[in-house]
Amino acid sequence: MSPAGPPPGVPPRPGARGQFAPPPGPPPRPPTHQQNYGPTMQGPDRQQMQPYFQYSQCTGRKRALCIGINYFGQSAELKGCINDAHNVKRFLCSQFGYKSEDIVMLTDDAQNPRQIPTKQNMIEAMQWLVRDAKPHDSLFFHYSGHGGQTKDLDGDEADGYDEVIYPVDFKQASHIVDDMLHDIMVKPLPPGCRLTAIFDSCHSGSVLDLPYIYSTEGKIKEPNLAAEAGQGLLSAVSSYARGDMGSAFSSVSGLFKTATGSGQRAEKIARATKTSPADVISWSGCKDSQTSADTFEAGTATGAMSFAFISALSQNPQQSYQQLLSNLRAILRDKYSQKPQLSASHPIDTSLLFIC
């Protein structure tokens, strides 16, 4: 997140530009059964395998972690991040039925040392968030603070850079890289478990390393991690995104022939996509190449993305993923250059109702 002065004007109101008028009826809820997608591949013992996932119904346990870091006394001090954490906590309780006692807060004005957002405390809190997760649980992660990029050391980033977030003690303990965020919060989750993440930080477009990034038209963008698996996988995923299943089958068949006899190579390909049968969604404040604003709205310090998320869903709680992404961008469009991003751990139907 980067500091910004008070912007002129006010955010669009309901009905402005037709963006916020409620639809005639709520979008459909996610289906309850397992979803298969993509090309069928030959697995161990020659059995046919196909990727799958399960949408969460969000009917189980609800648990949240909200982190807001103002970096008091440091050279790049921010103003609105602690406010963001408290605002999101209140919103989750009032709008989505979360209970205060099931929400952990880490802010750098906390009196309890365990609630200071140090690197160690953040890692332990993230581990708590996903511990014993079950299908249809609703987990929510919110981070407002500094974000950045660092040289990719393991070859899983198409642009050569990992995305990172900065604990309050980053000068001593270093940053937290996107690979670690994914390993801690995405990999352990079972099919049908929902994790919703919001990153109100700079360079956050793919900070949770989710391979399916969506446009406001509801279409899959080129996966940010496909380059690691080689041109064969890139072709296959692109063909699938276009609906060209014949080419997708051909590409994957050729790719896996080259991996025959090399379990490590096949595992590397699987890791590179970072697809998960769990129902993981990330809303980020900007593209990987952009910064996110630390600003003022209605005279109060806030992160632009946190403000937009609460505003959009307060105005219309029943939105599809596509509607919400469009409305987030509409709220920020007139004042900020940042473009909020939607990414997922598996292909999603963006016309479905967003629930958490």
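None of the values given here were measured: they were computed from a predicted structure. For every chain, the first residue of its written sequence is number 1, and the numbers climb from 1 along that sequence. Side-chain atom pairs in this predicted model are given and counted only at pLDDT of 80 or more, local residue features only at pLDDT of at least 70, and totals for whole chains, interfaces and linings cover all residues. Note: side-chain values were computed over all heavy atoms of the structure, leaving out hydrogens and water.

Asks: Whenever I open this one, the sheet that holds strand 14 (residues 279-284) confuses me. Can you help?
Replies: Strand pairing in a sheet is mediated by backbone hydrogen bonds. Such pairs are either parallel or antiparallel. If DSSP finds at least two bridges between two strands, the strands pair. Each helix is a run of H or I in the DSSP string that is no shorter than four residues. Each strand is a run of E no shorter than two, and both are numbered from the N terminus. Within the open sheet, the 7 strands sit side by side as 7-6-8-12-14-17-13. Their pairing is mixed. The two strands at the open ends of the sheet, each matched to only one other strand, are strand 7 (103-107) and strand 13 (212-214). Neighbour-to-neighbour, the strand axes of this sheet turn through a mean angle of 15°, independent of strand direction. The pairing of strand 13 with strand 17 (residues 341-344) spans 3 bridges and is classified as antiparallel. Across the sheet, Tyr212 pairs through a bridge with Ala344, a residue of strand 17. Should any heavy atoms of two residues lie within 4.5 Å, those residues are considered in contact. Here an angle of 0 to 180 degrees is reported between the N-to-C directions of two axes, which are lines fitted to C-alpha atoms, with helices fitted over the stretch in contact. Running over the sheet, helix 1 (residues 81-95) touches strand 6 (62-68), strand 7, strand 8 (138-144) and strand 12 (194-200) and is turned about 170° from strand 7. Across the sheet, helix 8 (residues 304-315) touches strand 8, strand 12 and strand 14, and the angle it forms with strand 12 is around 135°.

Asks: What is the right way to read unusual backbone geometry from this model?
Replies: The phi angle of most residues is negative, glycine excepted, and most peptide bonds adopt the trans form. Unlike most non-glycine residues, Cys58 shows phi in positive territory, near 55°. Considering the arrangement of structural elements, one finds Cys58 in the loop between strand 5 (52-53) and strand 6. On the basis of relative accessibility, which here comes to 12%, the residue Cys58 falls in the buried class. The residue Tyr71 is not glycine, and still its phi comes out positive at about 60°. By secondary structure assignment, the location of Tyr71 is in the loop between strand 6 and helix 1. For every residue, the accessible area obtained with a 1.4 Å probe (protein chains only) is divided by the maximum for its type, and the residue is called buried under 20%, exposed over 50%, and partly exposed between those limits.

Asks: Where do I start with the pairing of strand 6 in this structure?
Replies: Side chains on a regular strand alternate between the two faces of the sheet. Counting buried residues in strand 6 gives 7 out of 7 residues, a clear majority hidden from the surface. Residues Lys62, Ala64, Cys66 and Gly68 line one face of strand 6 and the alternating positions Arg63, Leu65 and Ile67 line the opposite face, and both faces are buried. In terms of strand pairing, strand 6 meets strand 8 through 7 bridges, oriented parallel. Bridge pairing links Gly68 to Ser144 in strand 8.

Asks: How do you make sense of the state of the cysteines when you look at a structure like this?
Replies: The term disulfide refers to a covalent linkage connecting the sulfur atoms of a pair of cysteines. Two cysteine sulfurs form what is called a disulfide whenever their separation falls within 2.5 Å. Tallying each qualifying case throughout the model produces 0 disulfides. Residue Cys66 stays outside any disulfide, its sulfur separated by 8.6 Å from that of Cys93, the closest cysteine. Taking relative accessible area as the criterion, Cys66 reaches 0% and is therefore assigned buried. Summary of cysteine pairing: Cys202 is not part of a disulfide, and the nearest cysteine sulfur, belonging to Cys286, is at 5.9 Å.

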